[in-house]
Amino acid sequence: MDDADKMERVCGYLRMIERTRLLKNTTEELEQLVGFSIGSGNGLARKGGKSLFIKDAIFRELAHIAKQDTDLDLQEVLDAYIGADHICERMGNVANPALFCQHLVWYFYSDAEATDDIASIINKVEQEQLPILVLLILRLLPRLSAKGGDVKDICQDYRRLFSWLSETVNKDIMMQKLPLLTQVEDEVRRNPDIMCRIHLISTANQILNSYGALSTRERISISNKELLENLFDPEVNGIWTENELSTVFWQFEGIANGYHLYRYQADTTRKSLAFTKYFMKFFHLGNDIMALVIHPQAIRYLVSGKPMPNNLFAYLDCQMKVDKGKADNFITFSPQSADGQWFALKQLRRSEKEEFFQNLLDDERYEKTDSHANDDYDFTISLAAITSDYIYIRKDETTYYRIPKSLNGLLEEVGFNSNAGVMSFKNTADGEPATYIAFDDFNLYYNISTLELMAEHQIEVVDSISV
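Rules behind the numbers
- Residues numbered from 1 in each chain as written.
- Predicted model: local features only at pLDDT ≥ 70, side-chain atom pairs only at ≥ 80, totals over all residues.
- Heavy atoms only, no water.
- Helix = DSSP H or I, 4+ residues; strand = E, 2+ residues; numbered from the N terminus.
- Contact = heavy atoms within 4.5 Å.
- Areas by Shrake-Rupley, 256 points an atom, 1.4 Å probe, with all protein chains shown as cover.
- Lys, Arg positive; Asp, Glu negative; His and termini not counted.
- Charge placed at Lys NZ, Arg CZ, Asp CG, Glu CD.
- Buried < 20%, exposed > 50% of the residue type's maximum accessible area, 1.4 Å probe, protein only.
- Salt bridge = Lys/Arg side-chain N within 4 Å of Asp/Glu carboxyl O.
- Pairing = 2+ DSSP bridges.
- Axes fitted to C-alpha atoms, helices over the stretch in contact; angles between N-to-C directions.
- Core = buried A, V, L, I, M, F, W, Y, C linked by side-chain atoms within 4.5 Å.
- Patch = residues over 30% accessible without salt bridge, like charges linked within 9 Å, V, L, I, M, F, W, Y side chains within 5 Å.
- Polar contact = N/O pair within 3.5 Å; in protein donor to acceptor, adjacent residues only side chain to side chain.
- Parallel < 35°, antiparallel > 145°, perpendicular 65-115°, else oblique.
- Nonpolar A, V, L, I, M, F, W, Y, C, P; charged D, E, K, R; others polar.

### Structural notes on the overall build of the chain
For the chain, the count of helices and strands is 13 helices and 17 strands. For the chain, the C-alpha atoms occupy an extent of roughly 85 × 55 × 40 Å along the three principal directions. Long-range contacts, defined here as pairs at least 24 residues apart, represent 59% of the contacts in the chain between residues at least 6 apart. Accessible area for the chain stands at about 23,800 Å²; split by element, carbon and sulfur atoms hold 46% of it. Taking the average place of the 49 positive charges on the side chains of the chain and the average place of its 70 negative ones, the gap between the two points comes to 6 Å.

### A few points about unusual backbone geometry
The backbone of Arg-139 shows a phi angle near 60°, a positive value even though the residue is not glycine. For Arg-139, a relative accessible area of 67% translates into the label exposed. Even without being glycine, Asn-443 reaches a positive phi, approximately 55°. Relative to the helices and strands, Asn-443 resides in the loop between β15 (434-439) and β16 (444-447). Judged by its relative accessible area of 15%, Asn-443 is buried.

### Some words on the pattern of salt bridges
Scanning all chains against the criterion turns up 15 salt bridges. Between Arg-365 and Asp-363 there is a salt bridge whose closest N-O contact spans 2.8 Å. Looking at Arg-365, the relative accessible area reads 61%, which means it is exposed. A single salt-bridge network, built from bridges that share partners, covers Lys-6, Asp-56 and Arg-60.

### Description of the sheet that holds strand β10 (residues 377-381)
A sheet is described by the order of its strands in space; here four strands give the open sequence β10-β14-β15-β16, paired in antiparallel fashion. Edge positions in the open sheet fall to β10 and β16, since each of these has one partner strand only. Taken over all neighbouring pairs, the strand axes of this sheet differ in orientation by 25° on average, direction set aside. Sheet analysis places β15 next to β16, joined by four bridges and oriented antiparallel. Among the inter-strand pairings, Ile-437 is bridged to a residue of β16, identified as Tyr-446.

### Points about the nonpolar core
In terms of nonpolar packing, the biggest core is built from 95 residues, with Leu-74, Leu-104, Ile-132, Leu-133, Leu-165 and Ile-207 touching the most fellow members. Ranked by residues supplied to this core, first place goes to helix α4 (residues 74-91) with eight residues. If you look at the next biggest cluster of nonpolar residues, it comprises 22 residues, including Val-236, Trp-240, Met-280 and Phe-343.

### Topic: a negative patch on the surface
Residues Asp-73, Glu-76, Asp-79, Glu-126 and Glu-128 make up a contiguous surface patch of negative charge. Note that Asp-73 resides in the loop between α3 (52-70) and α4.

### Some details on the side chain of Asn-170
In this structure, Asn-170 sits in the loop between α7 (154-169) and α8 (179-190). Under the relative-accessibility criterion, Asn-170 is labelled buried at 19%. Engagement of the side chain of Asn-170 in a polar contact is seen with the backbone oxygen of Ser-166, the distance being 2.9 Å. When residues no more than four places from it in sequence are discounted, the contact partners of Asn-170 are Leu-165, Gln-176, Lys-177, Leu-178 and Leu-181.

### Observations concerning the packing of α7 against helix α9 (residues 197-214)
The contact between α7 and α9 brings their axes to 11 Å, and the two run at 10°. If you check the angle between α7 and α9, you find them roughly parallel. Of the residues in α9, those touching α7 at Ile-154, Asp-157, Tyr-158, Leu-161, Phe-162, Leu-165, Thr-168 and Val-169 are Arg-197, His-199, Leu-200, Thr-203, Ile-207, Leu-208 and Tyr-211. The residue inventory of the contact of α7 with α9, partitioned by class, reads 10 nonpolar, three polar and two charged.

Shown next, in the form of structure tokens:
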């Protein structure tokens, strides 16, 4: 690209930034950012006269600011904006913009069938253009030909976006509300100064990508694989306390796919120990340490396939120092969103009175009471073999459950490091314990409590593995 072409492109980008109020909501705010007047025909693209160096330097600095604020590549955003605007121009008016955009999102992010209204454009849309295209159709971004001037009510724009996203991305996911949607809503509420149009694009992009990762079981399997690759064991087994003087203490118990985390409430007068058993796993997210904690009641929703209430699980930011044998071990937990506030634990320290608390646990005079006994379950990871057509789960010393992979396409993804086995669960509709073949990584649970149910799933008990 020669200098003339580069000059034309950079000037075009600068005019777009100014005209769309992409980085700042008003001309005055943009002037404060760049440090010079851009009114009365003295726009960003005119600064520096014929100096490509000055114009390119302005664009690069604005791109740097955009990257810091939203982690978006400004040039990629502008190119996608141009492409999306061109599609809008060819489409004309849309009768029902909200529904039209939902159909687009469900087609691109959840593998839904193309509806008649979007059929003519889906081959013209590139994935990176879609968030901007949606915002253009919803009139939350201006067309490039528009001369609307300053943003009139950015708060209202965010409310409209969140309302539309809520109706769109909470469909057909395994929880009642997409966790990231709550997290971003909380972030905007706490930091209103971040609101601007490029942040609107970033918000739509993040939430739609998160929805895409959770919108189908196939996509969930990919997400779970990525999570499994980043799991780690910080070796937190043992007893921890919030306050050494309290009668409440916590115990981490390592299991094959994470930890059981018990919260005990001791009553030394009544000789009782009431407890709640949570499930927790730790994983790395970039340079950060995260934890996923799941309430015992969540199992009801997992085995039934119903959407899980968001107050039954929480993603937590963690800080920790774990070095068993030293007194200054700690773990802090901070929910990523308001939905996670139900898990009120803020900080644990490894107990200096571990022997005392262990003696309470071992004391047979103390009656242990499970606060969620009806939600208790046992999960034994017992994957025995995988062949081209079947998965074998060990039933006992001499027999196996044989599960056809044709039962679900995700079963092709099961590997020897998968958490697959037999789960028994007490809390069923008729009060009788139920037994499931469980593929925990894929949230697949098959009830095999009766011969009829086994036959329905084509699951058989065999005494040998056939290759």
